[in-house]
Structures are given as structure tokens and as C-alpha cells.
Amino acid sequence: MRVAVVVMETSHHRDTEGRRHLERLAETLSAAGHEVSVFCAQWWGGNATQFEPDEVSYRGVTVEPAEPSFCTRLPALLAKYRPDVVHAFPTPSSVLRAANAGAKLARAPLVVEWYGDHEAPVSDRAIGGADQFVTPSELVQTRLWEAGADSDLTTVIPQSIDMELVREVDPAEEVDVVYAHPLDDSANVESLFLGLAELRQQGWSATIIGDGPKRETYEQEAADLRIDDRVTFAGACDREQRLAIYKGAHVFVQTAWREHFATELLWALSCGCIAVVEYQTESSAHELVEHRDRDFRVTTPQEIADAIVESAGMDHRTLDESLAEYDHGAVVGQYADLYERLVDEHGLF
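Residue numbers run consecutively from 1 along every chain, following the written order of its sequence. The predicted nature of this model means local features are confined to residues of pLDDT at least 70 and side-chain atom pairs, given and counted, to a pLDDT of 80 or more, with totals for whole chains, interfaces and linings taken over all residues. Side-chain numbers come from the whole structure's heavy atoms, not from hydrogens or water.

1. Some remarks on the pattern of salt bridges
For step 1, the next point in the chain: Salt bridges are identified by distance alone: a Lys or Arg side-chain nitrogen within 4 Å of an Asp or Glu carboxyl oxygen. Tallied over the entire structure, the rule returns 17 salt bridges.
For step 2, the next point in the chain: Linking R2 and E35 is a salt bridge whose minimum nitrogen-to-oxygen distance equals 3.2 Å. Placement of R2 in strand β1 (residues 2–6) and of E35 in strand β2 (residues 35–41) is noted, with a sequence separation of 33 residues between them.
For step 3, the next point in the chain: Exposure is judged per residue with a 1.4 Å probe applied to protein chains only, and the accessible area is read against the type maximum: over 50% gives exposed, under 20% gives buried, and values in between give partly exposed. According to the relative accessible area criterion, R2 is partly exposed, its value standing at 28%.
For step 4, the next point in the chain: Linked through salt bridges whose partners overlap, the residues forming this network are E9, R14, R19 and E119. Strands here are runs of E lasting at least two residues and helices are runs of H or I lasting at least four, both read from the DSSP assignment and numbered beginning at the N terminus.

2. Some points on the environment of Q141
For step 1, the next point in the chain: Examined against the element boundaries, Q141 turns out to sit in helix α5 (residues 138–146).
For step 2, the next point in the chain: Each C-alpha atom of the pair Q141 and A223 lies 40 Å from the other, and the pair is 82 residues apart in sequence.
For step 3, the next point in the chain: Between two residues, a contact is recorded if the distance between any of their heavy atoms is within 4.5 Å. Q141 has contacts with T135, T154, T155 and V156, leaving out every residue within four places of it along the chain.
For step 4, the next point in the chain: There is a polar contact of 3.1 Å between the side chain of Q141 and the side chain of T154. Under this definition, polar contacts are N or O atom pairs within 3.5 Å; protein pairs additionally need one hydrogen-donor-capable and one acceptor-capable atom, and for neighbouring residues in sequence, both atoms have to be side-chain atoms.

3. Describing the sheet that holds strand β11 (residues 231–235)
Strand pairing in a sheet relies on backbone hydrogen bonds. The paired strands run either parallel or antiparallel.
For step 1, the next point in the chain: Two strands form a pair only when DSSP identifies at least two bridges running between them. In space, the six strands of this open sheet follow the order β11-β10-β9-β12-β14-β16, with parallel pairing throughout. For this open sheet the edge positions go to β11 and β16 (296–298), each flanked by a neighbour on one side alone. If you compare each strand with its neighbour and ignore which way they point, the axes differ by 20° on average.
For step 2, the next point in the chain: One ladder, built from three bridges, connects strand β9 (residues 175–180) with strand β12 (residues 249–254); its direction is parallel. Each residue of the ladder has a partner; that of V177, found in β12, is V251.
For step 3, the next point in the chain: Relative to the sheet, helix α10 (residues 263–270) contacts β9, β12 and β14 (274–278), its axis offset from that of β12 by approximately 160°. Helix axes are fitted only over the stretch in contact, all axes being lines through C-alpha atoms; the angle between N-to-C directions runs from 0 to 180 degrees.

4. Structural notes on the pairing of strand β4 (residues 57–62)
For step 1, the next point in the chain: Taking burial as the measure, the six residues of β4 include five buried ones, the bulk of the element.
For step 2, the next point in the chain: Direction of pairing for strand β3 (residues 50–51) relative to β4: antiparallel, over a ladder of two bridges. Residue pairing for β4: F51 is matched across the bridge by Y58.

5. Structural notes on the packing of aromatic side chains
Aromatic ring pairs are reported here in terms of the distance separating the ring centres and the angle at which the planes meet.
For step 1, the next point in the chain: Aromatic rings from Phe, Tyr and Trp, taking only the six-membered ring of Trp, are treated as a pair when their centres fall within 6.5 Å; an angle between ring planes under 30 degrees marks them as stacked, one over 60 as edge-to-face, and anything in between as tilted. Taken as a whole, this structure holds nine aromatic pairs when the rule is applied.
For step 2, the next point in the chain: Pairing W114 with F133 gives two aromatic rings, centres 5.9 Å apart and planes at 80°, and the pair type is edge-to-face. Linking W114 in the loop between β6 (110–113) and α4 (124–128) with F133 in strand β7 (residues 132–135), this pair joins segments that are 19 residues apart in sequence.
For step 3, the next point in the chain: Overall, the relative accessible area of 6% leaves W114 in the buried class.
For step 4, the next point in the chain: Taken together, the ring pairs connect W43, W44, F51 and Y58 into an aromatic cluster.
For step 5, the next point in the chain: Here, a charge over a ring means that NZ of Lys or CZ of Arg falls within 6 Å of the ring centre while also lying within 35 degrees of the ring normal. Above the ring of W204, the side-chain terminus of R230 is found at 4.5 Å from the ring centroid.

In C-alpha cells:
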């Protein structure tokens, strides 16, 4: 399958979770044997209009992310590439409309990856041009419906993880509780700390993974609650370090206010962690544990504390093979099936 990915500003221009997700998808599709080209504004040095750092080809539509010239050039470039599918980022709306025009010239369906964290609203006209929308969670799908998308043209495909890597990593030292999220305004580590403070008279240890503008604030909160001697701030950590910590941990606590898809929770579950998920209206994290019997959904710090105590009687695990359904290969297969269906349907018109 030949796939054209359209995103004027990549994560090299503007680093957002949705852009990183789309770029990881391009890499995963390529690793699965598909031909993938990303049509974007140039982010690499030199005069070359095409750059291939790995298996994915990046094609510079413009030198800078200039919306008018990008939209002018994109349709013809897509038509020349002759993709089977055009897969686009939803903003800016003008670029999405240009991607739609290019898809029509190439006689290919237009798929929009609606991760939910794009900065600007998408116009009704741009939304109306898509043949299919993909969201990472039911929460984001509901928001997409509210934005005007036809419910029949939306599907949920989750983030993927590397189960082979999960199996290979050795556990780090044992820790009772682990938390992972950028330490920003949406982190809400307060709920976890208040829950842990309820257990001040009991023996436990906790590791906080992540860095960000509120790290010092959270370090001070731990000190104010007199639990800082049992809380370790591990910093950002790379993927292998995170997996090792998750494998050594007994419980993963999820309290962040905002999660379009709870990726770190998924990784932790695959490493055998028991999950304690605090329900938040802007978070989809609860969707990952709705049908699991080893995890807890809570609404208050006291319930977090109670769940941590109850989980102490459960066995410690370092791998959960049931999460293989989220492996890169399995998830990219969902995209391939979607593409094939859309190509078949498109050929009927």
C-alpha cells in the first residue's frame, strides 16, 4: 500500500503528541512493508527537497511552513505521487482541504488522524471532505462527533506499543507505586500525593517519572506532606528505563487531568502493573481498564489510598501478554484493514 501522510508542521516544527503519533504511525507502516511518504514543510538542512532518515521518505512541499504556498503546491504533488491512501493531520483547515483536493486528483480516499490535541478548530468544510476519521480513544471520538463529523465515518484505533521490547527489558529495583506523565499543568500529581499521605504510617515507596515546569512545585508538595523521603523523582527517563521501572513496580497510578490516549498507562499494564486510575472528564485512561479485573477505577485520593492497600495482596507480575493486542504489528494491521476497505469502497464510485 502506498500511503501519503500530510502534515505541514511536523514535530520538528511544533512538538505535540498528535504529531509524534502520526510520525510513529508512518514509521510503523513502513516497517510493516508499506511505502510511506510524509508531505510536509522542510525541517532538515540543505537544498534537498526529499529526506530519508529511516524507511520513511519526507518530502518538502515548501521550505518553511507557509500555509498559502503549501496549499497551492500540495494537490499536484499528491497527484504525482499517486498514493492509494492520503492520511492527513487535521490542521490547518486550509491544508486539510488541499489534502482533500490532492486525494481527489489521485483518486484516493482521505483519512484524517484526529488525535485531539491540535491547536486550532477545524472548519466544517474541511471536516466534510474526509472519507474517514481515526481517533485514539472513545473520548476523542465523542469530541469529534461534537465537532460535526459523521459518526459513521469515525473509528477508534489506539496507540501501539512494542511488546518485543517489553519482553526483553529486565526489571529495575522493586517499588510499590509508580507514576509517569510530563510534570505540567495537567499532571495532577497532587491526587497521588494526597493518597500516599493517607498511608504515611505504612511502609511504601514511590517513583515519579517525568519532568517539566511543575517539578519543583511537586517536590515541594511531597516535602510539605512529609512523604518526600519515600518519593523518588526519576526525571524524564528513556523508554527502556521506564519499562524497567514499570516491571519493578507493583502499582501504576494514573491521575492526570488530560489524556487523549493514556500511553504510559498502557506500557505499564503491559509490564504487569496493577493500575489505579482516577477518573477525569478530560482523560481517556479509564477506557484501558474498564474490562480488566486486576485494576481499580477511583475518584478521590482516599480511594487511591484504599486501592493501593488492596493491591498489596495481589501477585507481582512483570509481563501481561493480553496487551499484545496493542503491539505495533497488531495495531498497524487495523490501519491496513481500514485502508483496504476504503480503497475498495472508493473504487465503487
